[in-house]
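# A look at the structure
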Amino acid sequence: MPCSSLFGGRRCFEQRLAQAQEWFRETEDRHSRAEAEHRTKLEQKKAEHRAAQEQEAHAVCEFNEALEQRRATYRAGEPASVEWFLGQTLDASKYPQGFPSRHRVAFRPADGSTLVEIQLPSEDIVPAVDNVVLNGHVTTVDRATGQEVSPCLITLSTDREQFAKLSGRLRKSFGG
């Protein structure tokens, strides 16, 4: 309802002005409280984030220290470390779906030899195989050229019949 200047319009205007100013103060107070609450929550979340980052950094540092210790024992020829590193390499290998990925590694420090046993896929996974050839490569840097190379260190070749016998024996040795 509009305030008329003829019949108490000034008083009506001042009342509405006072109401509007009160509403503004209340709204401003609510906003200030909400903003303070928001800032408090923000600071709390920042502190939680900093604590999580510090915890993660500590965990990474511990992991790196343990890895460096294991690397030192690997270089010293400690069998458990040599086997662990080789096992980690095999664990990181990608296999087609259905292929087994189990393996065993044994390091013999007396002669520096390493035995790696891997589980081969059964005939039902690779049914149309007449011959199996398994090549073992290592990626390294050629000292003469400085180029990365991947020489084949070992090749195993067998026919279907021998593969079936071999794969059966390996399954037994892995408890499969």
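Computed from a predicted model, the values in this text were never measured in an experiment. (Residues numbered from 1 in each chain as written. Predicted model: local features only at pLDDT ≥ 70, side-chain atom pairs only at ≥ 80, totals over all residues. Heavy atoms only, no water.)

### Quick notes on the overall build of the protein
- Secondary structure assignment for the protein yields 3 helices and 6 strands.
- Counting helices and strands in the order they occur from the N terminus, the protein gives α-α-β-β-β-β-β-β-α.
- Every one of the 176 residues in the protein was classed for burial, and the buried ones make up 14%.
- Sequence separation of 24 or more characterises 36% of the internal contacts of the protein that already satisfy a separation of 6 or more.
- Total accessible area computed for the protein in this model is approximately 14100 Å², and 55% of it derives from carbon and sulfur atoms. (Helix = DSSP H or I, 4+ residues; strand = E, 2+ residues; numbered from the N terminus. Buried < 20%, exposed > 50% of the residue type's maximum accessible area, 1.4 Å probe, protein only. Contact = heavy atoms within 4.5 Å. Areas by Shrake-Rupley, 256 points an atom, 1.4 Å probe, with all protein chains shown as cover.)

### Structural notes on helix α2 (residues 79-91)
- Taking 1.5 Å as the rise per residue, α2 with 13 residues should run 18 Å; its terminal C-alpha atoms sit 18 Å apart, in good agreement.
- S81, V82, F85, G87 and L90 are the residues of α2 that are buried.
- Structurally, α2 contributes buried residues whose contacts are with α1 (9-75), β1 (103-108) and β2 (113-118).
- Put simply, E78 is the residue that caps the front of α2, since its side-chain oxygen is 3.1 Å from the backbone nitrogen of A80. (Expected span 1.5 Å × (residues − 1). Polar contact = N/O pair within 3.5 Å; in protein donor to acceptor, adjacent residues only side chain to side chain.)

### Things to note about the packing of aromatic side chains
- Applying the stated rule across the entire model yields 2 aromatic pairs.
- When the centroid spacing of 4.9 Å and the interplanar angle of 85 degrees are considered together, the rings of W84 and F85 count as edge-to-face.
- Through successive ring pairs, a cluster of aromatic residues spans Y74, W84 and F85.
- Over the ring of W84 we find R70; its NZ or CZ atom is 4.1 Å from the centre of that ring. (Phe/Tyr/Trp six-rings, centres within 6.5 Å; stacked < 30°, edge-to-face > 60°. Lys NZ or Arg CZ within 6 Å of the ring centre and 35° of its normal.)

### Some remarks on the pairing of β1
- Burial of β1 is one-sided: the residues H103, V105 and F107 facing one way are buried, the residues R104, A106 and R108 facing the other way are not.
- Pairing of β1 with β2, which is carried by 6 bridges, proceeds in the antiparallel orientation. Across the sheet, residue R108 finds its bridge partner in β2, namely S113.
- The antiparallel hairpin formed by β1 and β2 contains 4 residues in its connecting segment, where G112 sits at a positive phi of about 75 degrees. (Pairing = 2+ DSSP bridges.)

### Points about the side chain of H103
- Positionally, H103 belongs in strand β1.
- A distance of 3.3 Å separates polar atoms of two side chains, one belonging to H103 and the other to D91.

### A short note on a nonpolar patch on the surface
- Taken together, Y95, F99 and I125 make up a surface patch of nonpolar side chains, about 240 Å² in accessible area.
- Here Y95 falls in the partly exposed class, since its relative accessible area comes to 37%. (Patch = residues over 30% accessible without salt bridge, like charges linked within 9 Å, V, L, I, M, F, W, Y side chains within 5 Å. Salt bridge = Lys/Arg side-chain N within 4 Å of Asp/Glu carboxyl O.)

### Points about the pattern of salt bridges
- Per the counting criterion, the structure on display carries 8 salt bridges.
- One salt bridge connects E35 with R39, and the closest N-O pair in it is separated by 3.3 Å. On the criterion of helical spacing, the pair formed by E35 and R39 is a turn pair, its members being 4 residues apart in helix α1.
- Put simply, R104 and E117 hold a salt bridge, and the shortest N to O gap is 2.7 Å. Remark: E117 occurs in strand β2 and R104 occurs in strand β1; sequence separation between them is 13 residues.

### Topic: α1
- With 67 residues, α1 should cover 99 Å at 1.5 Å per step; its first-to-last C-alpha distance of 96 Å lies within 8% of that length.
- Within two residues after α1, G77 carries a phi angle of roughly 85 degrees, on the positive side.

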